[in-house]
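Structural overview for review
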Amino acid sequence: VRWMRDSCVECPPLTQADINLPAINNDIPPDTSSTAGQRAFTAPEIEVLQSLARRREELDKREQALTAREALLTAAEQEVDRKIAELNKLRGELEALLGKQEKMEEERITSLVKIYENMKPKEAAAIFNTLDMDILLAVVSRMSERKTSPILASMNTERARLLTIKLAEMRKLPGEKQKAPGR
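Residues numbered from 1 in each chain as written. Predicted model: local features only at pLDDT ≥ 70, side-chain atom pairs only at ≥ 80, totals over all residues. Heavy atoms only, no water.

1. So, the overall build of the chain
- Helices and strands together make up the secondary structure of the chain, namely 7 helices and 0 strands.
- Expressed as a percentage of the 183 residues in the chain, the buried residues total 18%.
- Within the chain, residue pairs in contact and separated by at least 24 positions form 64% of the contacts whose partners lie at least 6 positions apart.
- Summing over all exposed atoms, the chain offers an accessible surface of approximately 14500 Å²; the carbon and sulfur share of this is 57%. (Helix = DSSP H or I, 4+ residues; strand = E, 2+ residues; numbered from the N terminus. Buried < 20%, exposed > 50% of the residue type's maximum accessible area, 1.4 Å probe, protein only. Contact = heavy atoms within 4.5 Å. Areas by Shrake-Rupley, 256 points an atom, 1.4 Å probe, with all protein chains shown as cover.)

2. A word on helix H7 (residues 157-171)
- In this model, H7 (15 residues) spans 21 Å end to end at C-alpha, consistent with the 21 Å of a helix rising 1.5 Å per residue.
- Turning to H7, its buried residues number three or more, namely Arg-159, Ala-160, Leu-163 and Leu-167. Considered in projection along H7, the buried side chains sweep an arc of 95° and stay on one side of the axis.
- Tucked inside the fold, the buried residues of H7 contact helix H4 (121-128), helix H5 (133-142) and helix H6 (145-154).
- Looking at where H7 begins, the residue whose side-chain oxygen comes 2.8 Å from the main-chain nitrogen of Glu-158 is Asn-156. (Expected span 1.5 Å × (residues − 1). Arc of directions from axis to C-beta. Polar contact = N/O pair within 3.5 Å; in protein donor to acceptor, adjacent residues only side chain to side chain.)

3. Topic: the pattern of salt bridges
- Here the structure, examined in full by the defined rule, presents 6 salt bridges.
- As a salt-bridge pair, Arg-82 and Glu-79 come within 2.6 Å of each other at their nearest N and O atoms. You can see Arg-82 and its partner Glu-79 sitting in helix H3 (residues 43-118), 3 residues apart, about one turn around the helix.
- The partly exposed category is assigned to Arg-82, whose relative accessible area is 40%.
- The exposure class assigned to Glu-79 is partly exposed, which follows from its relative accessible area of 35%.
- Here Arg-142 makes a salt bridge to Glu-106, at a shortest N to O gap of 3.0 Å. Of this pair, Arg-142 sits in helix H5 while Glu-106 sits in helix H3, and the two are 36 residues apart along the sequence. (Salt bridge = Lys/Arg side-chain N within 4 Å of Asp/Glu carboxyl O.)

4. Comments concerning the packing of aromatic side chains
- Tallied over the entire structure, the rule returns 1 aromatic pair.
- Between the aromatic rings of Tyr-116 and Phe-128, the centroid separation amounts to 4.9 Å while the plane-to-plane angle is 65°, which identifies the pairing as edge-to-face. Remark: Phe-128 occurs in helix H4 and Tyr-116 occurs in helix H3; sequence separation between them is 12 residues. In terms of burial, Tyr-116 and Phe-128 fall into one category: buried. (Phe/Tyr/Trp six-rings, centres within 6.5 Å; stacked < 30°, edge-to-face > 60°.)

5. Describing the confidence of the model for the chain
- Residues at a pLDDT of 70 or more form 74% of the chain, whose mean pLDDT is 82.
- Across residues 1-9, where pLDDT falls below 50, the model places 12 contacts with residues more than four positions away in sequence or in other chains. (pLDDT = per-residue confidence, 0-100.)

6. Quick look at the packing of H4 against H6
- Where H4 contacts H6, the axes come no closer than 8 Å and their chain directions differ by 65°. As H4 runs across H6, the sense of the crossing is right-handed. On H6, the residues that touch Pro-121, Lys-122, Ala-124, Ala-125 and Phe-128 of H4 are Pro-150, Ile-151 and Ser-154.
- Partitioning the contact of H4 with H6 into residue classes produces 6 nonpolar, 1 polar and 1 charged. (Axes fitted to C-alpha atoms, helices over the stretch in contact; angles between N-to-C directions. Left-handed = near helix turned anticlockwise from the far one by under 90°. Nonpolar A, V, L, I, M, F, W, Y, C, P; charged D, E, K, R; others polar.)

7. Side note on the packing of H5 against H7
- For the pair H5 and H7, interaxial distance at closest approach is 10 Å and the crossing angle is 65°. Our classification of the angle between H5 and H7 gives roughly perpendicular. In the crossing of H5 with H7, the sense of the turn from one axis to the other is right-handed. For the pair formed by H5 and H7, the contact residues are Met-133, Leu-136, Leu-137, Val-140 and Ser-141 on the first element and Arg-159, Leu-162, Leu-163, Lys-166, Leu-167, Met-170 and Arg-171 on the second.
- Its residues assigned to classes, the contact of H5 with H7 shows 8 nonpolar, 1 polar and 3 charged. (Parallel < 35°, antiparallel > 145°, perpendicular 65-115°, else oblique.)

Right, dumping it as structure tokens:
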């Protein structure tokens, strides 16, 4: 019990008046006429009561601190939930924009396919020889084979060979092993 009393330096010790008890004096016997129903406490009992009172104060302070922490955690959780909802909304907007962009890109490629299919093979081949390989693959892969073959025949031989290899690689299944060119 003494360690609890010594650990709380801030708390002033309780007095007889704080506990609302009669004064203890070992020399004077308790007056039973004026303290009817009240009991006199000994010094060790008073120490225990004081220690319990300090312990109750400590527990009340801890409860207040825990309540404050709980309120902070609740507020933080609500803020996190709000941020998650905001991020999900942004994700939806981004996906919608990406979908629109992909659709527009597909429309542009389809337009290019129509243009090149209607050109003379030698004119289309001259342009195909200079196009970036990614764009060329996107266009040629959507063209009909009947329109593509005369253009390939008119293209630079090395460029037509590279295009053919890239087209073949595009059509392979993802799990298939790729063979080295020329084998």
